[in-house]
Structure formats: structure tokens, C-alpha cells
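# Survey of secondary and tertiary structure
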Amino acid sequence: MKESTFDYAELHCLSNFTFQRGASHPEELIERAQYLGYQALAITDECSFAGLGRAYAASKQTDFPLIVGSEFRFDTFTLVLLVPNIAAYKELSLLISTARRQAPKGSYLIQPDDVLSSIKHCLSIVIPSRKVCANDSDQVFLPLFQRFKRAFANRIWLGLQRPLMADDRVIQTYIEDIRHWQGIPIVAVGSVDMHVPARQPLRDVLTAIKLRTSVEQLAGRQASNGESHLRSPNKLMSLYKKEYLDQSVVIANRCNFSMSELRYEYPKDLVPEGWTAHDYLIKAINEGANKRYPNGIPPFILQQIQHELDIIAHLRYEHYFLTVWDLVKFARSRDILCQGRGSAANSAICFCLHITEVNPENGNLLFERFLSKERNEPPDIDVDFEHHRREEVIQYIYQRYGRERAALAATVIRYRAKSAIKDVGKALGYDEHYLSRLIQQLDRRDQEVHWLKQLRKLGPDNSVIYSMFVDLTAEILDFPRHLSQHVGGFVIASERVDELVPTENAAMEGRTIIQWDKNDLESLGLLKIDVLALGMLSAIKRSMSMLCEKTGQAWTLECIPREDAETYAMLQNGDSVGVFQVESRAQMSMLPRLKPTCFYDLVVQVAIVRPGPIQGGMVHPYLQRRSDPTLVSYPSAEVKRVLERTLGVPIFQEQVIKLAMVAGGFSSGEADQLRRAMGAWKRTGQLKPFEEKLKAGMLERGYSNEFADRLCLQIRGFGEYGFPESHAASFALLVYFSAWLKCHEPVIFCCALQNSYPMGFYSPSQLIQDLQRHAGTVLPVCVNASFWDHIVDHSQGGNGMLRIGFRLVNGLSKQAVQLLLNARSNRPFESIHDFLDRVSINTSEREALASAGAFETLAGNRHQVRWQMLGHQLPTHLPFELNQSSSEVCFESPTPVQTTQEELRRLGLTLGRHLMSLIRERGACRRCTPSNELAQLNHGSLVRVAGIVTGRQRPGTASGVTFITLEDEFGNCNIVVWLATAKAQRQAYLGATLLEVHGILERENNVTHIIAGQLIDRTAAWQSLLNSEESSQDWHGLVPSRDFH
Amino acid sequence: MWLAISCPCIEMDALSVMGVEAPFVVAQKHDSKVSQANDAAKSLGVNPGIPLTLAFTLAPTLEVLSSDAKQTKALLESLAQSLGEFSGTVSIRPPDCVVIEVKSMLKYFGSLQSIARSVRSCAKDWVSHHNLALGPTALLAQWRSQAGDQYDLIVNEKLTEVPIPLIQWLDKVPLSATRWDKKQLSRLSGLGLKTLDELYRLPSVLIRKHLGDGLYQQFGKAIGTIVEPIDVYQMPESFHREIEFDREVEHSLGLIFPLKNVTQALSTFLRRHRQKLYELTIKLTPAWTIEDQASEITLEIKHDLGSDDASLWLELIELKLSTLCLPAPIRTMVVFSGSLEASIESNQDLFDTVANDRQSAALFISRIQARLGEDVIKSPSITGEHLPEHYAEYVPVVATDVIKQPYTQSKLPSSPHTCSRPQWLLVCPTQIDSSQFRVIEGPERVSTAWWKNRGQLERRDYYKVLWGDQRIAWVFRNDKGHWYLHGWFS
């Protein structure tokens, strides 16, 4: 312990990880305690260790002693348990887990017996409730306390609070009486929930949030003063007897446990007896390498493997790699497609173990980006699995390691702008609608005026309450709100995970999470594997299966021909709807400019359309150099080695780091710090010192000012987000495979995408339309031919025809479909009545089928069919013959408009006429150019287009420009709306479902878009077409617009 | 023959924002879509049904009010009461329609045109928009009025002489006017049916078989093949209106605007009952309470001669309000008439001494209040606030409350502060000198409710002290170090 003239340690303190109670961050508490001269600080969040990660990091940084503990609240007292040693830590972690697992998410359930039976090492402070101290006539507390005294022996104290309430004296008398009678020492406790008294308003607001009321209606439920802060030595000495203060140090001196003692051991189950982990790993690598390189392992690969093995052995991560290898092996044994991504793709070992698919033969790998001795950080391998089958992998983990040894990491959900405004606003009594309005008016991407400043300006002048509202909103930002489940980050341990960190119930049934997030895991040295889901893997896998069926041969990814010219030609045209990573509007605009011709071009394509390279000004220089190689130049040979493959422009994270080393003279450690700062600079703003050092280093080495400035700009750009090359390469593989499938097997690919939905950028309707425009045939849903999933009908040969599956029919359950298929397995349905007699599904589902046109082959008129459905009575066992005939009523066939409307409602797509063709037929939008005729117009032409708004996108990098996608019967138009145009024609810009645009056509490298001048809302034309009284939101529902910013 | 009056903007009318220049919308509580929009909002592209987020983007100055079911219902009832002038059978069809039977009234009004004219004029007093429609049944009239303007009343002078075929009544009335649930309407749309006449052309037995008994019954009531039981509106015996303001009213005369509608409704009510009112009570609840103020402000407006005139009552109220200084903005207002018998004397049971005693007590209190003023008699109540001046309050006694809860001592809610507070709390703390006392006990630190105190967080340290004359006092020291006397223990 520190030597200090002030002998006190605060042993009862809540951080803001006791959600909606604590009003200070763990770091603030640590810093303040140190400043005040405390000996130590115990973070004792309520039934939780969630704040310990940050507390530990802060205590390490400040070298201030942290005591681990937790608080539990019972009816008559509060119990604080403190950890003196590792055994106590484990039992406390287990106790928290037990209490949390017994209760719904976010709460805990604990009985005194739970503590008495399980806690043998922890120190305890018992703080009787004020009510009991005032009147324990029922004698509830004392008998219980005696039980604790017997169980804890010399590990129990009575906690005395002095919050300056009226009954302090009464409380103190009561506690001193117990001390006298029971011989238990008293310790002074602050019961702290904020680091300074100025946090009191925020604390009151948190109380109001917790109680779902406003501060005004708390009516005394909040604390009466702000004394529960870390108090000054003078104050404490004036409030407490010295012996009580001294006891805190006595306790603190017994608490010698440090979080660094936590020994996290990776599971050793996988290593068979007689083998060491290292040797077993080598064996696995050799086996894998032989498969990867059937013609012999290249020498430089062997060298690389050895280099990596040395690092792994030094850091003792063999078990980790074996664990990931085992998971991937399981997936492959179940024919589940999977692929590692991220910095792990830098590893030759991962390639040999089939964890990743990026071949190190292609060079450019930087293993140190993934793992290095200097960094001494745990590896973090992310593996994508087919999204529909990821659950099998998760169940395998639970089955193999048991629920005690495997758990998901948490994600800490923090207060951001919207949640902060809403919760604080409601706590201050503001109306919910008013708060929604405020939020709507904020532009959080405005770089010049921070949104908090905007918020302040939106309020009434001279309103003190509004001013407080803004201040409190700013204060609550980044406060933890609750724990949620990480997408797929698993922690697996050799012993019980809940002895390492408490677990609690997640919202999803059957799932438990640990109380730490990935940052905590990193700072505490725990290993995590990310078991992620990727829809495209499911789609590719399905495509492979369908190819097997079609060709009668086994199809794997290895069967797909590499570097197919036709595939690249398709991509160069920007024809990439459905293709992984390059189907967005921005990517489609980039493809004709970048014109990928080889795999590495795809790697660049994936990485270049990102905020990082865009903000860093890398895109245009790169494209210019591709079209004019004479522009390529390097200031030095070292820089050339780093940037040659990207024509002198840094596009990947690793290049920036390598440049810092070769050009700026950074050591590998400094380069690594730069990498971290790049990732965190928006939160901490810590890039500046690096930039200065880098610039100085470059100038010293003879590089020009211009080069140095450009590199610094690019580094800042990477602060937004840039891809590691290995990650881009992993993704580029999937880009290629999906592009090849789209090019050569479009029907199969479309079918696979549809069956893997939800995924990707486009709706099923858009994918179907794209297929049809590529001459694909799509067959409607049919009771005699469809299945739950879409299928490819090869009866006519060629690429086949896509048969829509029942899964798209809104209102039809899988169970109903199964009944249908069972009935159909004997013989097809011959008529409506035959169907109705053989398939016992409810009326709604029958109607759903009729509405979807599934009976067209049996009876063409869906109105008539629906009528028959409604009137059908199921046969009974009674000897009555039911009159099912309803032929006396005849219904007219639906019009094309009605058919389209019904299909859109029921299926989300239509195989009938596109709405735009119907609208054009009726004269609306007559002078508008269809999308397939735009290619005939010259650059700079005045043009009118119209279509259904299917997307509005306003990227943060685009200076307020909005990209609108209009869909007509022939395809899509890209509209560019400048900020001023949007503001001036707000209604049409925001509210139109059917939009007509008058503007100027621009074309560059076969990429066409229209700069909008006039926007005209033609939604009324659609409404009149459908001739219905329904309100406008139904139009939005028919063809939803994907609006995002 | 029935006449239906449908009010498509009734939610906005109930909140009195229909004709306002600023853009207003009404949204249901906890719903994120626009329910109704006034003309100013519609002109900016804000239409019913769009998401609020879009609405805010289209109209940044948009004001959103939560729909108030109570006020909407009250407005509809007021309309129904007014329409009672024109028919003996009035039926309210929530949420926005009233139907009246008119055939039997023709002999009084002469013609349907005359009735229609009067009804229109009456409806204009209450709502900004309305559609009138006739029908052979109440339900069909209702549907026709809900179908919109194009089904508005077209009076045929000879209407009563030549019966109109049912099919003509049903002609082109959209099915959506029935407001059947979405599933039912979607089903009918899926059969290609769009209007009531198309539905009517189907054999009724098949309607029942194919479309269900519920629809069959409803449709049958509309076309008259099934008798529809009419829920005839009965006027309440007393007048009561409660308004919760979306935006608190800061000045007393700001209450006049909502009171205009209320007095109008009151007048209608009185006239329907053929009564005169002698006394009106208005209770105002402020947004917060301040030292020494009651939690509610009660105004009694009396008129010795009695009146049913809306403008007269409004004038009296205005006079009362003009002298009233609001201690805090007003959040809710309740207006009610006493029993129309106006006297607090009630029938006494010969043998029920308890009840008789209660009534005597109430009578006694009322007489004292009448003599010395309404606020003279008060009873204590605990709020539970930490601040001593807000910890307890005295609220005026209402005579009727005494009848409900007489002698039993009201249970004071338990509060941790109950024992530590002095029996005698000064109305206003008095600054004192520290030499006047000796500290016995303390401190107890209390923070002010910063949200009421203009954001200022002030602390007071309270002490029990021994006064020079041996009395035990309660004093505090504030952040500035000044001492104040706040109460006495003995």
C-alpha cells in the first residue's frame, strides 16, 4: 500500500457499471481516489464484475491499488464482499454467476444461504439498512447477522455510513451496540456512487431513468443529498472515529489480489495423450500444408511457417490455434462452408490449418499485424460460417466444452446521442414526441458544428432546464446502459469460465454471456474466437449443392475456374447485383473505373471503396495511375517495396504501418501504437503526436514535405476505417466466387441468394428483376411444383428456370407447407377441391396461397379461387354430404393492376407487369426516358426519368449529397441530389414513393447518373392507379425504400 | 331514416389546433406515425400515416400533440348533446361519428334540407370538418359519412315520398368506409370487391358462408335485414370536463382559450337539461408546487341568479382569472358543476347517525368556508420530498371529501423524515446569528431539488440547537455560511 498520512481506503463504491445507479466511470473514481490520497479503492458494483476491466486498466495506468469486490442487496442489509486472494475471486465470480443465472436478464436473485454456503475466502462488510437500524423490533436482521458472523469468523465487519441524514446518530448507536455485543469491528464506508458531488444531478437523472419517471415525480425516492461521493480526508476525519477509518486500511491490507493473477488457460482437451501442444500443432500444420501444396511445399512457405511457429511457441498460443482448427474441422466435416478473415489471413499457418483461404504464395503477408512478440496481445481470429448453420457450430462448442467452459462475450451498450437525448429528456419531463423532433433535426455528421451545439441552439433561449438537459445529455454520453450479447465472440477456458468472470443470462434463450466485452478481454489477456455468420457463404454453398444436382458431379470451391475473363468482363461493366461486397451503388460505380482484370484487382476493389481511402484521398490517384502508368513514382526504393503493388498509393492498413517504419523511422512497437491510435483516434484524438513524429522522421530521411503531408492525411483517413490487406483478400475470394456464379450460373446463383435471405443489399424482388433482365426465366409459385425453398427447374435445359418457393408467401407457415408437400407426394393436385380436401390448413393460409396465385395452373382466376377457398368446409366424420358448390357466383379475373398489387403485397415481388409500365400506360411520366434508353443519350443531355424510389443513401463522406435509386420496368437509374436541391425540394425529396426527376445526364467510364434539378412527387399517380382509399403508408409497404445515411 | 355526422379531424379539434397557423399533428401515444394533421402541416407534405421522423424532416417546426381520448370523447359527447336538439334518438359511434334518427323529426322541421342545414350549423360550432350522410339504417348512414365528402348529403326534396332502392344507397360506397379490420378488407380486395354494392350483389347466404358470420351480421345491420340495437346516448347528470395540457399554460388568461369550448359544452349541457347553474368549480393543477402553496388551485365561480349562458360564465371566469397569479404553469384543469340541486343539503337518513354526523360535519365546513373563505380550512398531507418546506403541505378541505372520509384520521404515509422534523415549521426561514444557539445534534444535509431551483444545487446543513431560552430549534446553514432558523421542536 502507498504510504500516506491519510489512512483510509474506500471499500464500498459503485461505478456506472451498476447501471442507472453509479454516476461515474471507473477511471474517474480511481483517479479521484488517488488524488484525494486514499490508500486503495474497491470497485464493488452490484452483483457484477462488469466494470473491473476498465477499473483495472485505470489502476495499472495510475499505479493505484484496486480492490475487487461486489455488493449484494438483501431486505435488511447490504453485503459487500471483497477479494483478498485468487480463491476468493473465484468463489465470488461463481456466486455472481449463480445469482444472475437464477434471474431474468439484467437482474439477480440471491438468498443469504447462497452466500453462506459458497463463500469461504472473501472478506465481508455488512451494512444494516437504515430502516432496521431505526427499528428492528421484528428481530429479522440480528439472527441473520449472527449466522454470518459464525460463517465469516474473522472476515466480517460492520459497515458504518455517514451520509449526513437526520438519523445518522441513531444508525451509529445501533451499529455500535452490535459491535459491543457481538464483538465485530466497525469500518467506515462511504457507499460511494459518484466521484464528485457535482454529479448529483446526473445521479438523480439516472434514478429517474431507472424508475421510469421524471425527477420531479421522484417524490423523495432519490437520495436526499450528494454525500455519496469520494470525500476529502478532512471531512472523513471529522465524520468518523479514527478507529473506523483505520479498519478500512486493515481490510485493504488483507486484499492483495490483483487481476494480473488471473491465469487464463486455454482448453487442453484437444491434445491427445502423449503429445505436446506444439508437436500436435506441427502435425496438424503438416497435414494441412500437404493438402494445400500437393506438389510440394515451397521453401519460403516453410520458412514462413517456422517463423510463425516460433512466435506462437514463444507466446504459448498453440492451444488457441488448435481450438480454432478444431472448430473449422468440425464445420468442414459437416460440410459447412467457413472462412477466416481479418488479420488472421496474414498467417501461413492459418492457411495450412484451413482456417483462412488467403494463399501466402501470393506474398504480401504481414504476420506481425496478426501476432507479434512485442505486442504480446492475444490473437483474435474471426471465422465466418454459413449464416443458417452457424448455430450448429455454436452448439458444437457448448457440447464439446460444456456450458461451464464456454460463454459468449458481452457488448456494452452505451449511451449515444439518441438514447441519451431520449432518456435524459424524459427524466426531465420532456414529451417523447418533442424529443423525437429534436433528434430528427440534428445532423450528427456535421463536422463543423457538433451535434451537442446544434441541440443547444434548438432549445428556447434562457431556459435553464433546457440548458441542464443539454449538459446532462453530454455528461451521460458513453455511460454504459446495459450488457448485450456479442455477435459471436466466444471465450473458451480450460476450467470453468465463471470462475474467471461471472456469466449471466442473455436475452436469447439458452445463451449466457460473460460480463466483459472484447476490450476487457484484451486488457485482461483472455482469448476470444469470433464465430460469425456470413450470408454469402450460405449462398455459395447452396449454389455448389445445386451445381452438383445439375451436373451430377461433386462441386467444391476448388472446382471453380480461377481468373475467368468473362467474369471480370461482367464486373467491369458494373453488372454486380448480388455479388459479394461489390453490389452497392458506390462499388458499382467504381467497377467500370477500376476495371478489375485479376484477383488482386478485386482485393483493391474491396478495400478502396471505404471511408478510409476516400477520406484519405487515395482513390483518384490510384485510378489515375491505373489508366496512366507514367504517373507512378516512388520517392525511394523502400517506399517502392511497400507501395509497388498498389501503384504508389497506400490502400491497406499494413502499408501505412510499413511506411511509418521505412519512411518515418518508427520501430515496430511505435508502428503498432500508431495502428491502435488509427483505430481509436476518433474517440481519443491521439493521432497528432504520431503525425508530428512521423513527419519529422520523414523529413529527416530526405522525403519531401508534400509526401509527408500526404501520408499524414492518408493516416487520418485510415482513422475512419481502412481494411487490412489480408482481410480484403479473404473477401475478394468470395467476390470472385460469387461473381463467377452470377456470370455462369445466374439462375442457380439467384436461387441460392433467395434461399439464403435475409442477406445482401437487394430485396428478393430486385434480385428477381435482375435475373429477368439477364434473360433468366422465373416461374410463379405453384401448389403442384413449388417447395418451401426456391428451386431451379432444369426440365428445359440450359441454365434452368427459377421456381418461386412458398417461403416468399406472406402468411404461409412452414408447417402448412409441409402438410401440402406430404399430401402432394402421392399425386399432384387435380383441382381446387382436390387440394382443399387433401390439405388441412387453415383459411388464412389457403387465402395466402390463393392470393399468391399458387393455383393458377388449376384455376386461372384468383378471385374465384379465393372465393372457393373461403367457402370450403372440411369433411367431417358425420354422414352428411356438404354442398361445396359455389359456382353460382362468378368473379371477374383480376386486372393487371390488381394482380401486381396483390403479388407485391403477398410475395414482395411481381412476375406480372411492373408498376412503372402500368403507370406509363396511363399517361403519367410519359415524357420520361426509360432506364434502358439512357445509354443512348450523350453526356450532358437534359433528361427526365421516373421510377419507384428504392433507396436513398447519404454517405458521410459525400458532403451532404444524396444518392437516390429509381427503379422502373427496365432497371435502375442513379440520381445524384445535391444538398441545396434536397433542401429546396424537401417534400418530393423525402416523401415521394414515385419520383420524377428532371436533370442532366452525366457519364464517365460507362457509369451513368443523373444530376437532379427538379424533383416531382408522382406518388398520386400511383394512388390513382390503384384506385384505393388506403392511406399512404401502404404504398411505402408495397415497395419499401431502403433509406440509410 | 338516419343522418350521420362524421368528424374526420376530431382529434385535432379536441386539442383545438385545427385552424392554427402553425403546423400541428396528432399522434397516438407510443405510436411513431402521424394520426391527424392540420392544414398547415398538410401544406408542408405532412399527411396522416407517415412516420413522425419523416414528418419532422419535412416540417422542422412541426408540433406534435398526443391524442387525448378523454377530450375527444368529451367533444363527441358535446356534439351529441347539441344534436339532441334535432332528434330524440342520438347515438354516438366512436371514435368520430354521431348518428341521429331524422324521419320522425320531419314533421317538426319540415324537410330534410332544414334539418341538414341546422345540423351543419350546429356541427360547425364543435368541429372544423364534418361529413353528413343519410342512410336507411344508422350503420349505413355512418358508413356513408365515413366514406368522405363525396357521400355528403344531397337532399332530395322528395326523398321521403319515393323510397330510394337500397342498391342506390350502397352504390360506390368503398368498403374501406366500413373500417373493418385490415384482414377482412384485404380478403374482400382479394376477391375483387371494392364497394358495398358489389358486396350486396353476392347472395347473403353465401356471404355468411364464405366471409364469416361477423361480416354477415354487420352488413345485415347496415342493409336492414338484421335489426341493429341502437345504443342511445344518455346525457350525464352532471357536467364534468378534464383537460390535460400538452404544453403547460403559464398565464392565467391563457386558460380562457380552452375554457371557451368548455363553457360552450356546459351551456349545451344545461340547456339540454333545462337547468341553470349557480356555481361552477375549476381545479387547476400546477406543474410543480412552491413553498407554502397548495398542490391544486380551486376556483369557485358563483352566480346567484343562475345561468345557462356560455358567454356569461366565460366572462365570470375571466374576471376571476384576471386576479389570479399562477404560482406555476398549469398542467391540468378540471371543470365541473356541483350537483344541479346546487345545495349541499342532502336527504338525511333518520337512523343512520354516522351518515348524519358526516353530513353535519360537511355542512359545518361549508358554512365556515362560505363565511370566511374557501381556503380557511385545511388538512395536512405528506409529500415525501426531502426539502423541509416541501415535505408536508396543507390542502384545502372539500366538504364532499368529508362525507366520503369523515373522522378517521388520515394515515400519514411513512417517511424517514417524520421523526426528525420539528412540529412547528416556519413559513419562511429567518436569518439568525450563530451566537444565538448551541448545537445539540446534526448536521443533516439536504440538497435542493435542482430542477425546480433554476438548475442550482444548493445544500443546507440542518442542526438541532438549543436556543438561549432553552427551546429546541431547527436551524440550517447554507452554502454561503449563513444561518437560518426554520422551525421549533418545543
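Residues numbered from 1 in each chain as written. Chains lettered and ligands numbered in written order. Predicted model: local features only at pLDDT ≥ 70, side-chain atom pairs only at ≥ 80, totals over all residues. Heavy atoms only, no water.

### Quick look at the overall build of chain A
A count of helices and strands for chain A gives 45 helices and 23 strands. Long-range pairs, those at least 24 residues apart, make up 72% of the contacts in chain A with a sequence separation of at least 6. Taken as a whole, chain A presents about 42500 Å² of accessible surface, with 49% of it coming from carbon and sulfur. (Helix = DSSP H or I, 4+ residues; strand = E, 2+ residues; numbered from the N terminus. Contact = heavy atoms within 4.5 Å. Areas by Shrake-Rupley, 256 points an atom, 1.4 Å probe, with all protein chains shown as cover.)

### Some thoughts on the overall build of chain B
Broken down by element type, chain B carries 17 helices and 18 strands. Residues classed as buried in chain B amount to 51% of the 490 residues present. Sequence separation of at least 24 residues holds for 59% of the intrachain contacts in chain B that already meet a minimum separation of 6. As presented, chain B carries roughly 24600 Å² of accessible surface, and 52% of it is formed by carbon and sulfur atoms. (Buried < 20%, exposed > 50% of the residue type's maximum accessible area, 1.4 Å probe, protein only.)

### Describing the pattern of salt bridges
In total, this model carries 70 salt bridges over all chains according to the counting rule given. The residue Arg-203 of chain A makes a salt bridge to Asp-193 of chain A at a minimum N-O spacing of 3.7 Å. With Arg-203 of chain A in helix H8 (residues 200-210) and Asp-193 of chain A in the loop between strand S7 (186-188) and H8, the pair connects residues that are ten residues apart, well separated along the chain. Of the two residues, Arg-203 of chain A and Asp-193 of chain A, neither departs from the other in class, the shared state being buried. Across the pair Lys-283 of chain A and Glu-287 of chain A runs a salt bridge whose closest N-O atoms are separated by 2.8 Å. Remark: Glu-287 of chain A and Lys-283 of chain A occur in helix H11 (residues 277-292); sequence separation between them is four residues, near one turn of the helix. Via salt bridges that share partners, Glu-227, Arg-231 and Lys-235 of chain A together with Arg-445 and Asp-461 of chain B belong to a single interconnected network. (Salt bridge = Lys/Arg side-chain N within 4 Å of Asp/Glu carboxyl O.)

### Thoughts on the sheet that holds strand S7 (residues 131-135) of chain B
Residues and elements named next belong to chain B. Strand order in this open sheet of four strands is S5-S6-S1-S7, and the pairing throughout is antiparallel. Sheet topology places strand S5 (90-93) and S7 at the edges, where each strand pairs with a single neighbour. Neighbour-to-neighbour, the strand axes of this sheet turn through a mean angle of 20 degrees, independent of strand direction. With five bridges connecting them, strand S1 (residues 2-6) and S7 associate as antiparallel partners. For Ile-5, the partnering residue across the bridge sits in S7 and is Leu-132. Across the sheet, helix H4 (residues 69-83) is in contact with S1, S5 and strand S6 (97-101); its angle to S6 comes to roughly 15 degrees. (Pairing = 2+ DSSP bridges. Axes fitted to C-alpha atoms, helices over the stretch in contact; angles between N-to-C directions.)

### What about the nonpolar core?
Residues and elements named next belong to chain A. Ranked by size, the top nonpolar core spans 141 residues in total, and within it Phe-321 and Trp-516 carry the most contacts. No other element matches helix H13 (residues 318-333), which puts nine residues into this core. Looking at which domains feed residues into this core, each of domain 1 (9-195 + 230-256) and domain 2 (277-409 + 527-535) supplies at least three. Residues Leu-534, Val-603, Met-618 and Ala-854 belong to the second largest nonpolar core, which totals 96 residues. (Core = buried A, V, L, I, M, F, W, Y, C linked by side-chain atoms within 4.5 Å. Domains from an automatic or database assignment.)

### Thoughts on the interface of chain A and chain B
Contacts between the two partners involve 61 residues from chain A, matched on the other side by 62 residues from chain B. Both faces combined, the contact of chain A with chain B buries some 5300 Å², and carbon together with sulfur accounts for 56% of it. The salt bridge partner of Glu-63 of chain B is Arg-437 of chain A, with a shortest N-O separation of 3.5 Å. Taken together, the residues of the side of chain A that touches chain B sort by class into 20 nonpolar, 25 polar and 16 charged. (Buried area = accessible area lost by both parts, 1.4 Å probe. Nonpolar A, V, L, I, M, F, W, Y, C, P; charged D, E, K, R; others polar.)

### Some thoughts on unusual backbone geometry
Residues Pro-94 of chain B and Pro-95 of chain B are joined by a peptide bond in cis, for which omega reads 10 degrees. As for its placement among the helices and strands, Pro-95 of chain B is situated in the loop between S5 and S6. Across the junction of Gly-442 of chain B and Pro-443 of chain B, the peptide omega takes the value 5 degrees, indicating a cis bond. If you trace the backbone, Pro-443 of chain B turns up in strand S15 (residues 437-447). With a phi angle near 60 degrees, Leu-164 of chain A is a residue other than glycine that sits in the positive phi range. Relative to the assigned elements, Leu-164 of chain A resides in the loop between strand S6 (156-160) and helix H7 (168-182). With relative accessibility at 2%, the residue Leu-164 of chain A sits in the buried group.

### Looking at the packing of helix H6 (residues 141-152) of chain A against H7 of chain A
Residues and elements named next belong to chain A. Look at H6 against H7: their axes get within 13 Å of each other, and the N-to-C directions meet at 50 degrees. Considered as vectors, H6 and H7 are oriented oblique to each other. Relative to H7, H6 is oriented so that their crossing is right-handed. In this structure, H6 contributes Phe-141, Leu-142, Phe-145, Gln-146 and Lys-149 to the contact, and H7 contributes Tyr-174, Ile-178, Trp-181 and Gln-182. Broken down by class, the residue content of the contact of H6 with H7 amounts to six nonpolar, two polar and one charged. (Parallel < 35°, antiparallel > 145°, perpendicular 65-115°, else oblique. Left-handed = near helix turned anticlockwise from the far one by under 90°.)

### Section: the packing of aromatic side chains
Applying the stated criterion across every chain, the model contains 44 aromatic pairs over all chains. Seen from their ring centres, Phe-580 of chain A and Phe-731 of chain A are 5.1 Å apart, and the 80 degrees between their planes marks the pair as edge-to-face. Highlighted residues: Phe-580 of chain A in the loop between helix H23 (565-572) and helix H24 (585-594) and Phe-731 of chain A in helix H33 (residues 725-744), separated in sequence by 151 residues. Relative accessible area serves as the criterion here: at 9%, Phe-580 of chain A is assigned to the buried category. Overall, the relative accessible area of 6% leaves Phe-731 of chain A in the buried class. With 5.1 Å between their ring centres and 15 degrees between their planes, Phe-476 of chain B and Tyr-484 of chain B make a pair best called stacked. We note that Phe-476 of chain B, like Tyr-484 of chain B, is buried. A network of ring pairs unites the aromatic residues Phe-74, Phe-77, Phe-141, Phe-145, Phe-148 and Phe-152 of chain A as a single cluster. If you follow Arg-400 of chain A out to its NZ or CZ, it ends over the ring of Tyr-401 of chain A, 5.9 Å from the centre. Directly above the aromatic system of Phe-489 of chain B lies the positively charged group of Lys-464 of chain B, at a separation of 4.6 Å from the ring centroid. (Phe/Tyr/Trp six-rings, centres within 6.5 Å; stacked < 30°, edge-to-face > 60°. Lys NZ or Arg CZ within 6 Å of the ring centre and 35° of its normal.)

### Let's talk about the side chain of Glu-228 of chain B
Residues and elements named next belong to chain B. Among the structural elements, Glu-228 can be located in the loop between helix H12 (213-223) and strand S8 (240-249). Side-chain polar atoms of Glu-228 contact the side chain of Arg-93, separated by 2.9 Å. In this structure the side chain of Glu-228 is engaged in a polar contact, spanning 3.4 Å, whose partner is the backbone nitrogen of Leu-139. Setting aside chain neighbours within four positions, we find Glu-228 in contact with Arg-93, Ala-138, Leu-139 and Lys-221. (Polar contact = N/O pair within 3.5 Å; in protein donor to acceptor, adjacent residues only side chain to side chain.)

### Considerations on helix H6 (residues 112-124) of chain B
All names here are of chain B. A rise of 1.5 Å per residue sets the reference length of H6, with its 13 residues, at 18 Å; its end C-alpha atoms lie 18 Å apart and thus fit the reference within 8%. Among the residues of H6, Leu-112, Ser-114, Ile-115, Ala-116, Val-119, Cys-122 and Ala-123 are the ones counted as buried. For H6, the elements touching its buried residues are S1, H4, S6, helix H5 (106-109) and S7. (Expected span 1.5 Å × (residues − 1).)

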